[in-house]
Amino acid sequence: MRRIVLLMMISLFLAQSAPVSTQPFGPPQPPILNGCSENALFAILNSDRGRYCLDTMLPRQANIASDYSVFCSAGRWGCCIKSVGLGGCKVEGVIPTYRRPKPPAMRD
């Protein structure tokens with residue numbers, strides 16, 4: 001009986017001492033479209049230039065072909081010709097980011 005209680009206490013201690021992630025949204029997501037992550041695409045398409053790209057160059061219907069697509073590289077994005085990539089962009093911008101404010105320092 002003592003061994004069972006001891007094993008339960010050790011497992012509780014180990015579970016409570018597991019490392020906790022400090023990133024609020026987890027690790028960075030892998031690219032899903034031409035170097036753009038899902039979060040980057042949402043941020044781009046919710047910006048003014050992104051809405052312009054969506055309304056004028058990217059089709060809304062799945063059966064309509066388009067010569068343009070969204071490309072991302074090193075914090076920049078562009079609404080570019082598919083065959084050329086980032087070299088043939090009609091609309092360009094910086095990927096919008098949101099930095100969480102740091103909490104104030106605690107004093108004893």
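**Q** Report on the pattern of salt bridges, specifying residues and quantitative values.
**A** Applying the stated criterion across every chain, the model contains two salt bridges. A salt bridge links Glu92 to Arg76; the nearest nitrogen and oxygen atoms lie 3.7 Å apart. With Glu92 in strand 3 (residues 89-94) and Arg76 in strand 2 (residues 76-81), this residue pair connects regions lying 16 residues apart in the sequence. Judged by its relative accessible area of 37%, Glu92 falls in the partly exposed class. Taking the relative accessible area as the measure of exposure, Arg76 reaches 39% and is therefore partly exposed.

**Q** Before we move on, could you go through the pairing of strand 1 (residues 68-73) and cite the residues and values that matter?
**A** Strand direction decides the pairing type here: strand 1 and strand 2, joined by six bridges, are antiparallel. In the strand pairing of strand 2, Ser69 is matched with Cys80. Taking the residues that link successive antiparallel strands as the turn, the strand 1-strand 2 hairpin has two residues, and the phi of Ala74 there is positive, at about 50 degrees.

**Q** Could you give an account of the sheet that holds strand 2, with specific residues and numbers?
**A** Strands sit in the order 1-2-3 across an open sheet of three strands; the sheet is antiparallel. The open sheet is flanked by strand 1 and strand 3, the only strands paired with a single partner. Each neighbouring strand pair of the sheet contributes to a mean axis angle of 20 degrees, computed without reference to strand direction.

Analysis parameters
Residues numbered from 1 in each chain as written. Predicted model: local features only at pLDDT ≥ 70, side-chain atom pairs only at ≥ 80, totals over all residues. Heavy atoms only, no water. Salt bridge = Lys/Arg side-chain N within 4 Å of Asp/Glu carboxyl O. Helix = DSSP H or I, 4+ residues; strand = E, 2+ residues; numbered from the N terminus. Buried < 20%, exposed > 50% of the residue type's maximum accessible area, 1.4 Å probe, protein only. Pairing = 2+ DSSP bridges. Axes fitted to C-alpha atoms, helices over the stretch in contact; angles between N-to-C directions.

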